[in-house]
Amino acid sequence: MKQTCDIPVWDLPTRLFHWLLVLLVAGAWLSYKFGDVTMTWHKWNGYAVLTLLLFRLLWGFIGSSTARFGDFVKGPFTLLRYLRGGAREPSLGHNPAGGWSVLAMLTVLIVQAVAGLFTSDDILVSGPLNFLVSSDTADTLSSIHRLGYYVLLGLVALHLAALVFHRLAHGENLVRAMITGNKGPAHVPPGAAAVLRPLWLAALCLTLAALAVWFGINAWLFW
Amino acid sequence: MKRLTMIGCAFAGALASTFTLPAAADETNPYIVHRQGTYKTISGHMDSLKAMLFLNHEAQGQAAYHAEAIVEAYKHMGNAYPAGSDKGKTKARAEIWSQPEKFREAGRNSFAAATALAEATQMGDQKEVVEAFKKLGSTCKACHDDFRKK
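All residue numbers refer to position in the chain's written sequence, counted from 1. Here the convention is simple: chains get letters from A, ligands get numbers from 1, in the order in which they are written. Under the rules for a predicted model, residues below a pLDDT of 70 receive no local features and side-chain atom pairs below 80 are neither given nor counted, while totals for whole chains, interfaces and linings still include all residues. With hydrogens and water stripped out, all remaining heavy atoms of the structure feed into the side-chain values.

Here we take up the overall build of chain A. For chain A, the helix and strand inventory stands at 9 helices and 2 strands. Along chain A, helices (α) and strands (β) appear in the sequence β-α-α-α-α-α-α-α-β-α-α when read from the amino end. In terms of its C-alpha atoms, chain A occupies a principal-axis envelope of roughly 60 × 35 × 35 Å. We call a residue buried when its accessible area falls under 20% of the maximum for its residue type, exposed when it is over 50%, and partly exposed in between, using a 1.4 Å probe and counting protein chains only. Counting all 223 residues of chain A, 39% fall into the buried class. Any pair of residues with heavy atoms lying within 4.5 Å of one another is described as a contacting pair. Long-range contacts, defined as pairs at least 24 residues apart, comprise 72% of the intrachain contacts of chain A with a sequence gap of at least 6. In the form shown here, chain A has an accessible surface area of approximately 12400 Å², with 72% of it arising from carbon and sulfur atoms. Separation of charge centres in chain A, based on 15 positive and 10 negative side chains, amounts to 12 Å. Helix numbers and strand numbers start at the N terminus; a helix is a DSSP run of H or I with at least 4 residues, a strand a run of E with at least 2. For accessible areas, the Shrake-Rupley method is used with a probe of radius 1.4 Å. Any residue's cover is judged against the shown protein chains and nothing else. Positive residues here are Lys and Arg, negative ones are Asp and Glu, while His and the chain termini are left out of the count. Where a charge lies is defined by one atom per residue type, namely NZ (Lys), CZ (Arg), CG (Asp) and CD (Glu).

Looking now at the packing of aromatic side chains. Within 6.5 Å between ring centres, the rings of Phe, Tyr and Trp (the latter by its six-membered ring) count as paired, and their orientation is classed by plane angle as stacked under 30 degrees, edge-to-face over 60, tilted in between. One pass over the full model with this rule turns up 13 aromatic pairs over all chains. Between the aromatic rings of Phe69(A) and Phe72(A), the centroid separation amounts to 5.9 Å while the plane-to-plane angle is 80 degrees, which identifies the pairing as edge-to-face. Residue Phe69(A) and its partner Phe72(A) are located together in helix 3 (residues 69-72), separated by 3 residues, close to a single helical turn. Residue classification places Phe72(A) among the buried residues on the basis of a relative accessible area of 0%. Ring centres of Phe54(B) and Phe133(B) lie 5.8 Å apart, and the angle between their planes is 55 degrees; on these two criteria the pair is classed as tilted. Of the two residues, Phe54(B) is situated in helix 3 (residues 30-54) and Phe133(B) in helix 7 (residues 126-147); the sequence distance between them amounts to 79 residues. The class for Phe54(B) is partly exposed, based on a relative accessible area of 33%. Phe133(B) sits in the buried class, given a relative accessible area of 0%. Feature note: the residues Tyr81(B), Trp97(B), Phe103(B) and Phe147(B) constitute an aromatic cluster, connected by ring pairs. Throughout this description, the term charge over a ring refers to an Arg CZ or Lys NZ atom that lies within 6 Å of the ring centre and within 35 degrees of the ring normal. Here Arg56(A) stacks its cationic end above the ring of Phe17(A), 5.9 Å away from the centre of that ring. The positively charged end of Lys141(B) is found above the aromatic ring belonging to Tyr32(A), 4.3 Å away from the centroid.

As a further point, take the confidence of the model for chain B. Low-confidence regions, as indicated by low pLDDT, have predicted coordinates that should not be scrutinised in detail. Looking at chain B as a whole, its pLDDT mean stands at 90, while 93% of the residues score no less than 70. Across the assembled chains, the prediction reports ipTM 0.73 with pTM 0.85. A score between 0 and 100, pLDDT records how confident the predictor is in each residue.

With that settled, consider the interface of chain A and chain B. Each side of the interface is counted separately: chain A has 13 residues, and chain B has 16 residues. Buried area, as used here, totals the accessible surface that two parts lose on assembly, with accessibility defined by a 1.4 Å probe and the loss added over both. When the buried area of chain A at its contact with chain B is split by residue, Val37(A), Ile123(A) and Leu124(A) rank highest and sum to 43% of it. Whenever Lys or Arg places a side-chain nitrogen within 4 Å of a carboxyl oxygen from Asp or Glu, that contact is recorded as a salt bridge. Inspection of the chain A/chain B interface yields 3 salt bridges. One salt bridge connects Asp122(A) with Arg148(B), and the closest N-O pair in it is separated by 2.5 Å. Residue contributions to the side of chain A that touches chain B peak at 6 residues, all from helix 6 (residues 135-170) of chain A. Throughout, the ten residues Ala, Val, Leu, Ile, Met, Phe, Trp, Tyr, Cys and Pro are labelled nonpolar, Asp, Glu, Lys and Arg are labelled charged, and all others, Gly among them, are labelled polar. Split by residue class, the side of chain A that touches chain B holds 6 nonpolar, 2 polar and 5 charged.

The next point concerns helix 8 (residues 199-217) of chain A. Residue and element names in this part refer to chain A. Over its 19 residues, helix 8 runs 27 Å from end to end, which matches the ideal 27 Å to within 8%, given 1.5 Å per residue. Those residues of helix 8 lying buried are Leu201, Ala202, Cys205, Ala209, Val213 and Ile217. Along helix 8, the residues classed as buried sweep out an arc of 135 degrees about the axis, all on the same side. Of the surrounding elements, those touching the buried residues of helix 8 are helix 1 (12-34), helix 2 (40-62), helix 5 (96-118) and helix 9 (219-222). Multiplying one less than the number of residues by 1.5 Å gives the expected span of a helix. To be clear, the arc concerns the directions from the helix axis to the C-beta atoms.

With that out of the way, let us pick up the environment of Trp44(A). Among the structural elements, Trp44(A) can be located in helix 2. Sequence separation between Trp44(A) and Ala28(A) is 16 residues, and the spatial gap between their C-alpha atoms is 9.2 Å.

Pasting the structure below:
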């Protein structure tokens, strides 16, 4: 008997954040590879990524329960126990390994986006904060930004592999969960359900994030 | 006596470590410094051209000066990559010396694009100048992708 997937796990802001990020990360590479020589699209893509990331940081503290870092970031012993398959109690949101993957990906993305603000290609294009640092520092941050692509690629590959693994080993379709926001009762703790926060709060976080990015990239106006 | 020896060793070590300071100081290989100066010159002219072509700078008639200056800069590169000049404050990759034909071709493409840009500025068709400018930028990027460290 197929049980209906109707336990709410991921709220709308979290799901929108995730899928917009997928589009923008792909867009970042596409705009670099096929964009024009002034990299205008790539820069705007980066500002959008930075806005989303700032939103996620805010939402991770005041958002819905499954979006909060306190909900899914577990200590090393819990993580080890989970990986060894010991305490096989299901998680409502991210499992311990997934939780640390989220942190890893957010960290790499933040480093990538921020480094991009200072990056120069030595031809025509430089980020809006390139003027703030010495050319040596800009060189280092530019290298980080260019090499960061490979680190991100590796993490994305790992992420996709983990999704396949979960489908095969645990029968969990995590992609569908991130689209619909729901999981079946077999994959969540009994009686558990996400505590959702209102949409206007998410909109407020997004607005604050956008304002912060706007101020940040226009720093030269206030210098 | 042992304590004095320790202090002496610590002092000698500190003094010796200051000998690494020149490594953190200015680059002394003239070929590295010269070629980087030339590239910065070219980049400067590209910025001025960007102002004229994309930001509507009023002195668009001076585009020819910048384009010709880029061609001249390339002509005055001289012996830019002698053997061993990948050591130091440089982003030159080993492929420059292990794939010299491919590297020379990248250089030829850039020079050809710069020449084409200079010609376009003489002809006066704004759209052609923009296209030639974009082409030049893409040859810079192409060489960087293969021969400059990330």
